[in-house]
Structure formats: C-alpha cells, structure tokens
Amino acid sequence: MRIGDAAAAVGVTPRALRYYEQRGLLTPQRAPSGHREYGSGELSRLRVVRGLLAAGLTIEDVADILRGFPAAGPGPGCGVVLEVVQRRLDDLDGRIRRLTELRARLAGQYENRFGTIFPPGGRNPDGG
C-alpha cells in the first residue's frame, strides 16, 4: 500500500511516516516508480512505534529500542529496552522533582509576598 493509505491505517500523516523513515525507524520498500510501498510488516512496526511514542518515549528512545531488535524478532535486545525505559523513567522523575520544587517556591512566594495583595479566594483587599 502507498504512503497515504499506510498513514491512514495507523492514524498518522504521510509526513510523519517520512519523518520516521528519515530517523531510521522504518524502511519501506520502493516500487519501480520510486513510490514507497508499505506491507503488513511495516504497518506492524509503525503500530509499535506509535505505541512507544504514546507511552512517553522519544524518537531517539524508539530508535535505540528498534536497533536492539533485529528484523528477525526479539532476541538479546531486551536489555536495551530495560535501559531505555529506565533512562526515560529517571528523566521523568527528575522533571517531576524539579517541577515540584518550582511549584513549592511559587506557592511560597505567593503566600509570603503576594498574600496581602491577592488573598485566598482571588479577591484583592480593596474589594476588586
């Protein structure tokens, strides 16, 4: 099937498929005319890519995982998956910590500096 049909089948745009190809996430066959041809294998791979991206992995993460699994299927790449997932979880945990600290600082500033101007309930002291 051609790129438009493949894109519709997995719920993405043809542009996204070209991007995935550019990033090495898939390699569709080429027709003699040069058009990309997607078979069931490419569609399955695209669904895996979309699932991994939806789970919060980056394009680079997905590329690392796919490099760990040759076309023949699962093998020694399971360690790669664990490494990539742990790396992403560590990154998310760090972001959550930083955001929690930022939130606490902002809340503290609000209470300490702006509480008299903007008291709880959203009304300022002069009634406005």
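## Notes on the overall build of the protein
Along its length, the protein carries five helices and two strands. Listing each helix as α and each strand as β along the protein from the N terminus yields α-α-β-β-α-α-α. With 128 residues in all, the protein has 24% of them scored as buried. Within the protein, counting contacts between residues at least 6 apart in sequence, those at least 24 apart form 38% of the total. With the model as given, the accessible surface of the protein reaches about 8,800 Å², and the carbon-plus-sulfur share is 58%.

## Brief notes about the packing of aromatic side chains
A complete count under the given rule lists one aromatic pair for this structure. Ring geometry for Tyr 19 against Tyr 20: centres 6.4 Å apart, planes inclined by 55 degrees, an arrangement best described as tilted. Classification of Tyr 19 by relative accessible area gives partly exposed; the value is 33%. Relative accessible area serves as the criterion here: at 5%, Tyr 20 is assigned to the buried category.

## Focus: the packing of helix 3 (residues 40–54) against helix 4 (residues 59–68)
Think of two packed helices as two axes; the pair is described by the angle between the axes and how far apart they sit. Two elements in contact, helix 3 and helix 4, have axes separated by 10 Å at closest approach and are oriented at 135 degrees. One finds that helix 3 runs oblique with respect to helix 4. Here helix 3 and helix 4 pass one another in a crossing that is right-handed. Contacts between helix 3 and helix 4 involve Arg 45, Val 49, Leu 52 and Leu 53 from the first element and Ile 59, Val 62, Ile 65 and Leu 66 from the second. Class assignment for the residues of the contact of helix 3 with helix 4 results in seven nonpolar, no polar and one charged.

## Focus on the pattern of salt bridges
Per the counting criterion, the structure on display carries nine salt bridges. A salt bridge links Asp 61 to Arg 88, with the nearest nitrogen and oxygen atoms 2.7 Å apart. You can see Asp 61 sitting in helix 4 and its partner Arg 88 sitting in helix 5 (residues 78–114), a full 27 residues away along the chain. Note on accessibility: Asp 61 and Arg 88 belong to one class, buried. If you follow the salt bridges from partner to partner, you end up with Asp 61, Asp 64, Arg 67, Arg 87, Arg 88, Asp 91 and Arg 95 in one network.

Parameters and conventions
- Within every chain, residues take consecutive numbers counted from 1 along the sequence as written.
- Where local features are concerned, this predicted model is filtered to residues with pLDDT of at least 70; where side-chain atom pairs are given and counted, the filter is 80 or more; whole-chain, interface and lining totals use all residues.
- With hydrogens and water set aside, each side-chain value is computed from the structure's full complement of heavy atoms.
- Elements are defined by DSSP. Helices are runs of H or I of four residues or more, strands are runs of E of two residues or more, and each kind is numbered from the N terminus.
- The buried label applies to any residue whose accessible area, calculated with a 1.4 Å probe on protein chains only, is under 20% of its type's maximum; exposed applies above 50%, and partly exposed to all values in between.
- Residue contacts are defined here by distance: any two heavy atoms, one from each residue, within 4.5 Å place the two residues in contact.
- The protein chains shown are the only cover counted for residues, whose accessible areas, like all others here, come from Shrake-Rupley with a 1.4 Å probe.
- Any Phe, Tyr or Trp ring, taking Trp's six-membered ring, that has another such ring centre within 6.5 Å forms a pair; planes under 30 degrees apart are called stacked, those over 60 apart edge-to-face, and the others tilted.
- As a rule, the C-alpha atoms of each element are fitted with a line to give its axis, helices using only the stretch in contact, and angles between N-to-C directions run from 0 to 180 degrees.
- The labels follow the angle: roughly parallel below 35 degrees, roughly antiparallel above 145, roughly perpendicular from 65 to 115, and oblique for the rest.
- Rotating anticlockwise by less than a right angle from the far helix to the near helix defines a left-handed crossing, while the corresponding clockwise rotation defines a right-handed one.
- Just so you know the grouping, Ala, Val, Leu, Ile, Met, Phe, Trp, Tyr, Cys and Pro go in nonpolar, Asp, Glu, Lys and Arg go in charged, and all remaining residues, Gly too, go in polar.
- Should a side-chain nitrogen of Lys or Arg be within 4 Å of a carboxyl oxygen of Asp or Glu, the pair is scored as a salt bridge.

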